[in-house]
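What follows is each chain in one-letter form.
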Amino acid sequence: MRRPLNLPSDREAQGRTLGEEELALLEEVIRSGKLNATGGVMVPRFEEEFARLQGLPHAVALSSGSAAVHTALAALDLEPGDEVVTSPVTDMGALAPILWQGALPVFCDLDPDTLEMTGPALKARITPRTRAVVVTHLFGHPCPMDEILEAAGSIPVVEDCAQAPLASWKGRLVGTFGKLAAYSFQQGKHITCGEGGIVLTSDPHLARRARLFANKGWPYGEPSPDHEFLAMNFRMTELQGAVLLGQIPKLEEVVRLRRERARLMDELLQGVTGVRPPLRPKEGEHSYWKYTLRVDPEVVPGGAGALGRILKENGLPAAPHYVGKPAFELRVFRERRTLGRSRWPWKGARPGPEPPPEDPKDFPGTYQGLKRALVLPWNERYTTRDVEDMAALVREAVERLEAAGKE
Ligand SMILES: Cc1ncc(COP(=O)(O)O)c(C=O)c1O
């Protein structure tokens, strides 16, 4: 086989866009001696600039993407036992907040090609108790937001854009369709400050609730303040804000380069049997957090698992089946391990018997999509040569598996 790859990784400087701008802003914060955001400078500037980039008026910067999803749900003021329809293929940080807010997650089957929600699948999961929908724009691919909004009707939709900044659907940026949008700036995202998040909305009432939730319920700067409701400290620090302020002007170029390299990879993979590149959005633009192949196990012996093993042996850290299994198979959901032995909120959050667990038979698209998914890392710093080497490696690995399958 060919020489092992040595790709830039988002875990180290060569795969990140951090530089002098972030250092200068960080130095300003350190010299000021003021590191927290209450009455700070960097975090409000970051909020303003990120909101402007997205074309939304209100932003609340937060300590993580998980805090962002949590804050969005808290802003909606759910009642215990309310249902939140969500995706079974996402990060745990997008699911735990549903339980912390005393709501019941209701998982929706996904399109096997994108591992994303569709309007008809969402419609099938809505009940009179549904109070919110969380859609995940997975890997940078935009969800079909018009059919999702239509299916949701008057139920508020939260867009989880952690993996998809600047992705768009029908000419509009994702994050501008729902009531609230949540983003993550954890180490591996398009832009980063190590850990961080933000919530955006066009609704001033939701924005106020979101800000209160991130500030222990305390309305800084308002007359007669009081702790208005149960809430957390989810504030971003000035240090995080400074780094992100330096990162914002780089985001458009990061996404442009990722798209350009993805187009090259799409072309180079043409004609590799049994392997399809990530679906290009029908009416929108991908922002390529990852480059996820769809591997047909009927054609490539051993499927995504076998192909992923060969790629890894050759220096390409591929992740077969992404998160491995749908979230409802994880112990926390399967065994309902939450607060002590309470089984809250499935038990006790509303009258009546505990709802039954999800039935795997209701999730054909999700299982098929996960079985075929082979997630490749993606990065704006890949050179043309890197992409050519990756594509050649995939092609050779498929040929090797096919040849072994014929023996
Ligand atoms: C879709 C999605 N939602 C939420 C999160 C949670 O973000 P964080 O890790 O910043 O808490 C992630 C993180 O990977 C994510 O990918």
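Above this note sits the structure.
Calculation rules
Residues numbered from 1 in each chain as written. Predicted model: local features only at pLDDT ≥ 70, side-chain atom pairs only at ≥ 80, totals over all residues. Heavy atoms only, no water. Helix = DSSP H or I, 4+ residues; strand = E, 2+ residues; numbered from the N terminus. Rg over C-alpha atoms; globule rule 2.2 N^0.38 Å. Buried < 20%, exposed > 50% of the residue type's maximum accessible area, 1.4 Å probe, protein only. Contact = heavy atoms within 4.5 Å. Areas by Shrake-Rupley, 256 points an atom, 1.4 Å probe, with all protein chains shown as cover. Lys, Arg positive; Asp, Glu negative; His and termini not counted. Charge placed at Lys NZ, Arg CZ, Asp CG, Glu CD. 1 Å grid on protein atoms, 1.4 Å probe; cavity = no way out; pocket = protein on both sides within 12 Å on 5 of 7 lines; lining within 4 Å. Points joined across faces, edges and corners; volume = space filled by probe spheres on them. Nonpolar A, V, L, I, M, F, W, Y, C, P; charged D, E, K, R; others polar. Domains from an automatic or database assignment. Axes fitted to C-alpha atoms, helices over the stretch in contact; angles between N-to-C directions. Left-handed = near helix turned anticlockwise from the far one by under 90°. Expected span 1.5 Å × (residues − 1).

J.: So what about the overall build of the protein? Which residues, and what values?
T.: A tally of regular secondary structure across the protein gives 13 helices and 14 strands. At 22 Å, the protein has a C-alpha radius of gyration in line with the 22 Å of a compact globule built from 407 residues. Expressed along its principal axes, the backbone C-alpha trace of the protein runs to roughly 75 × 60 × 40 Å. The buried share among the 407 residues of the protein stands at 55%. Across the protein, every contact between residues at least 6 apart in sequence was considered, and the portion connecting residues at least 24 apart equals 69%. Working note: accessible area of the protein is about 17,700 Å², and carbon and sulfur atoms make up 53% of it. Between the averaged position of the 51 positive side-chain charges in the protein and that of its 54 negative side-chain charges there is a distance of 4 Å.

J.: I'd like a rundown of the layout of surface pockets, residues and numbers included.
T.: Counted as a void, the largest pocket has a volume near 870 Å³. If you go around the largest pocket, you meet 50 residues; those closest to its centre are Gln186, Gly188, Lys189, Trp289 and Lys290. Elements represented by at least two residues in the lining of the largest pocket include exactly helix 3 (65-75), strand 8 (180-184) and strand 14 (373-377). A total of four residues in the lining of the largest pocket trace back to one element, the largest contributor, which is helix 3. Across the lining of the largest pocket, the residue classes tally to 26 nonpolar, 16 polar and eight charged. Composition of the lining of the largest pocket by domain shows at least three residues from each of domain 1 (13-250) and domain 2 (252-322 + 367-406). In this model, the second largest pocket occupies a volume close to 430 Å³. If you go around the second largest pocket, you meet 22 residues; those closest to its centre are Arg336, Pro355, Pro356, Pro357 and Glu358.

J.: Go over the packing of helix 9 (residues 251-268) against helix 13 (residues 384-406), please, and point to the residues and values.
T.: To characterise two packed helices, one gives the angle between the axes of the helices and the distance between these axes. The N-to-C vectors of helix 9 and helix 13 enclose an angle of 30 degrees; their axes lie 9 Å apart at closest approach. Crossing handedness for the pair helix 9 and helix 13: right-handed. Touching Arg261, Leu264, Met265 and Leu268 of helix 9 are Thr384, Val387, Glu388, Met390, Ala391 and Arg395, all from helix 13. Counted by class, the contact of helix 9 with helix 13 contains six nonpolar, one polar and three charged residues.

J.: Can you break down helix 1 (residues 20-32) residue by residue, with the values?
T.: For helix 1, which comprises 13 residues, the first-to-last C-alpha distance of 18 Å matches the rise-based estimate of 18 Å (1.5 Å per residue) to within 8%. In the segment just after helix 1, glycine 33 is the residue with positive phi, at about 75 degrees.

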